[in-house]
Amino acid sequence: MQSIRNGKTPSSPSTPGRGISRKVGTTGITVMLIIFLVAVVFAANQNDVIGWIVVIVSLGWLFLATFVVFSVRGATRKATAKFAAATAPPRGGVQVVDESTRDLKLDHSFKIIEVQAKVIRENLDTDRGMVDRALETIDITAHNGRGMIKKDDGGPVEGTVVD
């Protein structure tokens, strides 16, 4: 059994990330190509209409199989790239695209803190575990929110405080 190293999943030795699906697709296209060539040879030898109709049908199936295999491979590559980009950790902390996105994220963070504060008020005397989880959520949310408002150089945020 292969182990997962450096965050990469095990793959076939010849082509990383391809595995059995690539072999099946290649085998399917090869079989369809052989069927097409055999149909052409028989149609040429017999020289009748039925033989050439079989050639046309087998050519259609060959095109269809080729289209499906290459479409699935392309979609798999795109999905793998998107998944890798989505699961990659951000470089240099939280990255914000623009101010409106940052404001929405901060608003959401403050709503989370409001909800958790309500949970703490309701369970302060009854359920210590729920209070601890709410405090942990507030800590994480505050850390993430502070990461969104820090400057790129890591220094404090400058500006005017509005009361």
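You'll find the structure just up there.
Residues numbered from 1 in each chain as written. Predicted model: local features only at pLDDT ≥ 70, side-chain atom pairs only at ≥ 80, totals over all residues. Heavy atoms only, no water.

Looking at unusual backbone geometry
Then, number 1: The residue Asn47 is not glycine, and still its phi comes out positive at about 55°.
Then, number 2: You can see Asn47 is positioned in the loop between helix 1 (20–46) and helix 2 (49–87).
Then, number 3: A relative accessible area of 60% places Asn47 in the exposed class. (Helix = DSSP H or I, 4+ residues; strand = E, 2+ residues; numbered from the N terminus. Buried < 20%, exposed > 50% of the residue type's maximum accessible area, 1.4 Å probe, protein only.)

Some remarks on a nonpolar patch on the surface
Then, number 1: A contiguous nonpolar patch, built from Val49, Ile50, Ile53, Val54, Val57, Trp61, Leu64, Phe67, Val68 and Val72 and spanning about 990 Å² of accessible area, is present on the exposed surface.
Then, number 2: If you trace the backbone, Val68 turns up in helix 2.
Then, number 3: The class of Val68 is partly exposed, set by a relative accessible area of 41%. (Patch = residues over 30% accessible without salt bridge, like charges linked within 9 Å, V, L, I, M, F, W, Y side chains within 5 Å. Areas by Shrake-Rupley, 256 points an atom, 1.4 Å probe, with all protein chains shown as cover. Salt bridge = Lys/Arg side-chain N within 4 Å of Asp/Glu carboxyl O.)

Focus: the pattern of salt bridges
Then, number 1: By the definition in use, this model includes two salt bridges.
Then, number 2: The residue Asp107 makes a salt bridge to Lys111 at a minimum N-O spacing of 3.3 Å. Here Asp107 and its partner Lys111 are both found in helix 3 (residues 99–123), four residues apart, which amounts to about one turn of the helix.
Then, number 3: Asp107 sits in the partly exposed class, given a relative accessible area of 36%.
Then, number 4: The partner of Arg128 in a salt bridge is Asp132, with the nearest N and O atoms 3.3 Å apart. Of this pair, Arg128 and Asp132 are both found in helix 4 (residues 128–149), four residues apart, which corresponds to roughly one turn of the helix.
Then, number 5: We classify Asp132 as partly exposed; its relative accessible area is 38%.

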